[in-house]
Amino acid sequence: MSDGMEKILFDPMNHPEWVEPHSLEWYEQLFQEVGEYKYPWKSQFDEERAEKIFVDKITTYLGNGRLLDVGCGHGEFALQFSINAREVVGIDTVEGFIKTGNKNKLKENTYFFVIDGNGNLPFLDNYFDVAYTKKGPRDWYHEGNRIVKPGGLILGFYHAGSYGALRELFPGLYSPRPKPEPNDLLRELKLDDSGLNDIKVELLEEIEYLSTPEDVLLKKCFGQNKKLREIVWKECLQDVEGIFNKHATSKGLKIINYYHLLSAKAS
Ligand SMILES: C[S@@+](CC[C@H](N)C(=O)[O-])C[C@H]1O[C@@H](n2cnc3c(N)ncnc32)[C@H](O)[C@@H]1O
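Residues numbered from 1 in each chain as written. Predicted model: local features only at pLDDT ≥ 70, side-chain atom pairs only at ≥ 80, totals over all residues. Heavy atoms only, no water.

### A short note on the site of the ligand
Link 1 in the chain: In the vicinity of the ligand lie 18 residues, with Gly 71, Asp 92, Asp 116, Gly 117 and Lys 134 positioned nearest.
Link 2 in the chain: Separating a nitrogen atom of the ligand from a backbone N or O atom of Gly 71 is a distance of 2.8 Å.
Link 3 in the chain: Here a nitrogen atom of the ligand and a backbone polar atom of Thr 93 are 3.5 Å apart.
Link 4 in the chain: Summarising the interface, the protein chains cover 93% of the accessible area of the ligand, which totals 580 Å² for the free molecule.
Link 5 in the chain: Taken together, the residues of the shell around the ligand sort by class into seven nonpolar, seven polar and four charged. (Near = heavy atom within 4 Å. Polar contact = N/O pair within 3.5 Å; in protein donor to acceptor, adjacent residues only side chain to side chain. Areas by Shrake-Rupley, 256 points an atom, 1.4 Å probe, with all protein chains shown as cover. Nonpolar A, V, L, I, M, F, W, Y, C, P; charged D, E, K, R; others polar.)

### Side note on helix α4 (residues 95–104)
Link 1 in the chain: Along α4, the residues that are buried comprise Gly 96, Phe 97, Ile 98, Thr 100 and Gly 101.
Link 2 in the chain: Where α4 is buried, its residues contact α1 (24–34), β3 (87–92) and β4 (110–114). (Buried < 20%, exposed > 50% of the residue type's maximum accessible area, 1.4 Å probe, protein only. Helix = DSSP H or I, 4+ residues; strand = E, 2+ residues; numbered from the N terminus. Contact = heavy atoms within 4.5 Å.)

### Focus: helix α2 (residues 50–62)
Link 1 in the chain: Under the 1.5 Å per step criterion, the end-to-end length of α2 is 19 Å for 13 residues, consistent within 8% with the ideal 18 Å.
Link 2 in the chain: What α2 keeps buried is the set Ala 50, Phe 54, Val 55, Ile 58 and Leu 62. Down the axis of α2, the buried set is contained in an arc of 135°. They therefore lie on one face.
Link 3 in the chain: In this fold, the buried residues of α2 make contact with β2 (66–70), α3 (76–79), β5 (128–134), β6 (148–164), β7 (197–210) and β8 (253–265).
Link 4 in the chain: Downstream of α2 by a residue or two, Gly 63 has a phi angle that is positive, lying close to 55°. (Expected span 1.5 Å × (residues − 1). Arc of directions from axis to C-beta.)

### A look at the side chain of Gln 224
Link 1 in the chain: Residue position: Gln 224 is located in the loop between α8 (213–220) and α9 (226–247).
Link 2 in the chain: A residue is classified by how much of its surface remains accessible, and Gln 224, at 1% relative accessible area, is buried.
Link 3 in the chain: In this structure Gln 224 touches Glu 17, Trp 18, Val 19, Pro 21, Trp 26, Gln 29, Glu 33 and Arg 229, once residues within four positions along its chain are discounted.

### Focus on the environment of Val 70
Link 1 in the chain: Assignment of secondary structure puts Val 70 in strand β2.
Link 2 in the chain: In this structure Val 70 comes out as buried when scored by relative accessible area, which is 0%.
Link 3 in the chain: Remark: the alpha-carbon pair of Val 70 and Gly 117, spanning 47 residues in sequence, is separated by 5.9 Å.
Link 4 in the chain: Among all residues touching Val 70, those that are not within four sequence positions of it are Ile 91, Gly 117, Tyr 132, Thr 133, Lys 134, Gly 136, Pro 137 and Trp 140.

### Remarks on the pairing of β4
Link 1 in the chain: The pairing of β3 with β4 spans five bridges and is parallel. Note on β4: the bridge partner recorded for Gly 90 is Phe 112.
Link 2 in the chain: Note on the crossover from β3 through α4 to β4: the handedness is right-handed. (Pairing = 2+ DSSP bridges. Right-handed = clockwise from strand over helix to strand, strands pointing away.)

### Quick notes on the sheet that holds β8
Link 1 in the chain: The strand order β1-β7-β8-β6-β5-β2-β3-β4 describes an open sheet built from eight strands, whose pairing is mixed. One side of each edge strand has no neighbouring strand; the edge strands of this open sheet are β1 (43–45) and β4. Ignoring which end each strand starts from, the neighbouring axes of this sheet average 20° apart.
Link 2 in the chain: The strands touched by α2 are β2, β5, β6, β7 and β8; relative to β6, the strand with the most contacts, the crossing angle is about 175°. (Axes fitted to C-alpha atoms, helices over the stretch in contact; angles between N-to-C directions.)

### Let's talk about the state of the cysteines
Link 1 in the chain: For the structure shown, the criterion picks out zero disulfides.
Link 2 in the chain: Distance from the sulfur of Cys 236, which forms no disulfide, to the nearest cysteine sulfur (Cys 221) is 7.9 Å.
Link 3 in the chain: When its relative accessible area of 0% is taken as the criterion, Cys 236 is described as buried. (Disulfide = S-S within 2.5 Å.)

Here it is as C-alpha cells:
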C-alpha cells in the first residue's frame, strides 16, 4: 500500500462457511472431504521434530506393554507401536476414522473403537502401561489415571499454535497472539483432582518451512469446505504470493510451531 500501511487480508474466520477447527462438526467435515487426519500442505522441517520427542517417550516407556491412544484419528500414528506392543487400542468419536484404523491394522493385537474419550472409559482399572492423546481430547486424565497401572505413563501432546512468518506477515489472515507458555496447558487442564503424579509440561519448538504461497492458504483452510477454500484463494492468493516471494528462504517460508507436551505418572 502506498501510505506504508500493511494491507489487512481477507479473514475467512469471519465468513459464515467457517467451521470452528477441532469441533465435532469440523472433524466430520474433514473425514467426509479427505477421509483422514493429515495435513494437506507441503513443507520441510529443521530437526528435531516435536513429534519425534513424543514418539521417543512412548517407545522408551512402552516396551511390549499395553497402549491406549485417545483421539486416534484414522489410527496411522498408533499403528507404529503395534509391532512391539502387547496390545494397542485407539479410540475416537468419528466412526469413519475408526473404520479406516480397523481396515489398516497390521496385527491382531490392535483395536479401534468409537468411544468418547472425555466420558467414562470402558477399560479395566490399571489395564494400560501407557495412555496418550496426540492433539485429541483434554478431559480424560482422571479416567486415564484409573486405567493406567500405578507408575504408568500418561502423555498429552497438543499443538500450541504456529507463529513466525505466519503471524508477522499476513495480518487478517493470521492474527497476532502472545507466545504460549508451558503453564497455559496446566491452567486449562486443571489436573489437581486427576490423581496424577509427577506432572510436567514442556513447550517444544519446531521450525517448519512452507513450500509455496498456496501452502499458507492450505494451512489456514485445513478442514474447511471447498466453497470457502475457493473464496479464500480468490481473495488472498495474489497478495499472499507477493508476501511469500519477498520473504521465503530457499527452503520455503519459515514458521515456528509450538507444542505442549504433558507427561505424568498414574497413581
Ligand atoms: C487433531 S486430531 C488428531 C488425530 C490423531 N491423534 C493424529 O494426531 O493424527 C484429534 C482427534 O481427536 C478426536 N476427538 C476429539 N474429541 C474427542 C473425544 N471427546 N473423544 C474421542 N476422540 C475425540 C477427533 O475426532 C480427531 O480424530
